[in-house]
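Chain and residue survey
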Amino acid sequence: MSSAAPGPLQPPSAFAAVDLGATSGRVVVGHVTRESLTHEVVHRFPNTPVRLPDGLHWDVLGLYREVLAGLRQAALRQATLTPRGTPLVSVGIDSWAVDYGLLDADGTLVGAPFHYRDRRTEGAADAVWRHVDAAELYRVTGLQHLPFNTVFQLAAARESAALARARHLLLLPDLLTYWLTGTIGAETTNASTTGLFDAPAGEWSRRVTGALGLAPSLLPPLRPPGSPAGELLPHVLTEVGLSGGRLPVTAVASHDTASAVAAVPALDGTVAYISCGTWSLAGLELERPVLTEAARRANFSNERGVDGTIRFLRNIMGMWLLEECRRAWAREDGTAAPADHTDLIAQAEAAPAFAAVIDPDAPDFAAAGDVPARIAAFCRRTGQQPPRSRGSVVRTVLEALALAHARTLTEAAELTGRELRTVHLVGGGARNGLLCQLTADALGLPVVAGPVEATALGNILVQARAHGVLESRQDLRRLVADTQPLRRYDPSGSPKPWQVAAARLGRT
């Protein structure tokens, strides 16, 4: 009896990921089977904020226009892959956290969404703490204190005409989803970053919203990652070149860090990660929140991940510091393009170690501006000699980030009683070999770098699981580990210089 011939291989399923960062965005098409994962960026665009008389805003209409352009490119790309074409299965949107748009009773956007770096939230925390003190707020929300958390933005807007008109508050991925589909909802990973979310209960906090005098109806129904979020409206289908068809939108882990953590290729042990881009977010994946007073004092967040997991992490100022240095030097040189990144890293590798030690999260570095001058001022203020060359400035920044990565993960392990064996560094920072090596040296642990495109891949993989291509969270991570380029950095040299540098930082 002859055995049956194997059936034809199933073609990969195609998913479009809209991935919005604080400085740029892109639309990525991913092709997924149980054994393969490839991706292609089909559209890139800048994300440039706009300064208006009332403050700093996001150009959200411009972003929406670029999203449509990217989806048009994605649909066109799929149509040309084979004679018959390979249609997109769905679309998912992720972005940064905390910022929101307000809709009135007609579903019309009320004003341009504020940028989290706008200064209107200065002092707003005190207005919240008068009703819910900091300790209680942490026990409810489990959220790291950051002055731009949504709860503080709303406190700053409490007397505004815009908030008085508002009937719905939508975080930015949910706002774009509404414009694409006409459906209103709030995806949980991003909702958990607002300071309005009850961390133990996994729902909006009536205690916090009531204290702020917010109507419960302002906050939309929650959607977990992987749930349906509607289909493209007919006029949107026409706009993106799919007239007469259909294209579902899937709620992914819409906070970009949650998507990145979903793509961390950790297959055993404690999942320890650094998602390194504009910000570095360093932490552990847990099954339940840690709401102790010690965790609050250490300023750790308990944010939702895929499958109800907890991202126990702390925000650290990330590669934005280096990019601000590059922009400052471009202005100094009178050039349009920032200084070459590769050349600056080579200069940093040749520069002496620990010429100066800075705290990347010091208030000195919170706002955009001349970061090299601020580093020099920080050094003079703390009794140090400022770095003398651009290479030395870059090395100072990267050493500061490595120290902050190590300090954060060490504290996370102590607060949770976890043992760390390997740390995964994902995102754009994974391209920076010097940063990865310095982080391994500071931690005294191996660092596995990659994937660089973790956020887009996590977005794609959550869609693929929702549509039956993959099954478990472990399936997602195994596929990343098997298909994406990764590089391991082992600790080198003595830990003593890092201990001395950390002690110097403690004295600044």
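Thresholds, definitions, all that
Residue positions are counted from 1 within each chain, in the order its sequence is given. Where totals are concerned, whole chains, interfaces and linings use all residues; where local detail is concerned, this predicted model gives features only for residues with pLDDT of at least 70, and gives and counts side-chain atom pairs only at 80 or more. With hydrogens and water stripped out, all remaining heavy atoms of the structure feed into the side-chain values. We place a 1 Å grid over just the protein atoms. Points where a 1.4 Å probe fits but has no way out form a cavity, open points with protein on both sides within 12 Å along at least 5 of 7 lines form a pocket, and any residue with an atom within 4 Å of a point lines it. Grid points are joined across faces, edges and corners, and a volume is the space filled by probe spheres set on the points. What counts as a helix is a DSSP run of H or I of at least four residues, what counts as a strand is a run of E of at least two, and both are numbered from the N terminus. Think of it as three bins: nonpolar holds Ala, Val, Leu, Ile, Met, Phe, Trp, Tyr, Cys and Pro, charged holds Asp, Glu, Lys and Arg, and polar takes everything else, Gly as well. Interaxial angles span 0 to 180 degrees and are taken between N-to-C directions of axes, which are lines fitted to C-alpha atoms, for helices over the stretch in contact. Between 65 and 115 degrees an angle is taken as roughly perpendicular, under 35 as roughly parallel, over 145 as roughly antiparallel, and anywhere else as oblique. In a left-handed crossing the near helix is turned counterclockwise from the far helix by less than a right angle, and in a right-handed crossing that turn is clockwise. Note on contacts: a residue pair is in contact if any heavy atoms of the two residues lie within 4.5 Å. The buried label applies to any residue whose accessible area, calculated with a 1.4 Å probe on protein chains only, is under 20% of its type's maximum; exposed applies above 50%, and partly exposed to all values in between. By this definition, two strands are paired if DSSP reports at least two bridges between them.

**Here we look at empty space enclosed by the protein**
Counted under the stated rule, the structure contains two cavities of 30 Å³ or more. Each pocket or cavity is described by its volume, and for the largest cavity that value is around 70 Å³. If you go around the largest cavity, you meet 13 residues; those closest to its centre are Ile93, Asp174, Thr177, Thr250 and Ala251. Of all the secondary structure elements, the ones that give two or more residues to the lining of the largest cavity are strand 6 (88-94), helix 6 (172-181) and strand 14 (248-250). For the lining of the largest cavity, the leading source of residues is helix 6, giving three residues. Among the residues forming the lining of the largest cavity, the class breakdown is six nonpolar, four polar and three charged. Here the second largest cavity is characterised by a volume of approximately 40 Å³.

**A look at the packing of helix 15 (residues 390-416) against helix 16 (residues 433-443)**
Between helix 15 and helix 16, the shortest axis-to-axis distance is 8 Å and the interhelical angle comes to 45 degrees. Considering their axes alone, helix 15 and helix 16 lie oblique with respect to each other. The crossing of helix 15 and helix 16 is right-handed. Residues Arg395, Leu398, Glu399, Leu401, Ala402, Leu403, His405, Ala406 and Leu409 of helix 15 pack against Leu434, Leu435, Leu438, Thr439, Ala442 and Leu443 of helix 16. Residues belonging to the contact of helix 15 with helix 16 are distributed by class as follows: eleven nonpolar, two polar and two charged.

**Notes on the layout of surface pockets**
When its volume is computed, the largest pocket comes out at roughly 1200 Å³. In this structure, the largest pocket is lined by 49 residues; those nearest its centre are Gly21, Thr23, Cys276, Gly277 and Thr278. Here the residues of the lining of the largest pocket are counted per class, giving 20 nonpolar, 20 polar and nine charged. For the second largest pocket, the calculated volume is near 1000 Å³. Breaking the lining of the second largest pocket down by element, the ones donating at least two residues are strand 18 (310-317), helix 12 (320-333) and helix 15. If one sorts the elements of the lining of the second largest pocket by residue count, strand 18 sits on top with four residues. Its residues assigned to classes, the lining of the second largest pocket shows 18 nonpolar, ten polar and eleven charged.

**Brief notes about the pairing of strand 2 (residues 24-32)**
Counting buried positions along strand 2 yields eight of nine residues, so the element is predominantly enclosed. Here eight bridges tie strand 1 (residues 13-20) to strand 2, and the two strands are oriented antiparallel to one another. Bridge pairing links Ser13 to Val32 in strand 2. Hairpin connection between strand 1 and strand 2: a loop of three residues separates the two successive antiparallel strands. Sheet topology places strand 2 next to strand 3 (residues 37-46); nine bridges connect them, and they run antiparallel. What sits directly across from Gly30, in strand 3, is His39. Taken together, strand 2 and the strand that follows it, strand 3, pair antiparallel across an intervening segment of four residues.

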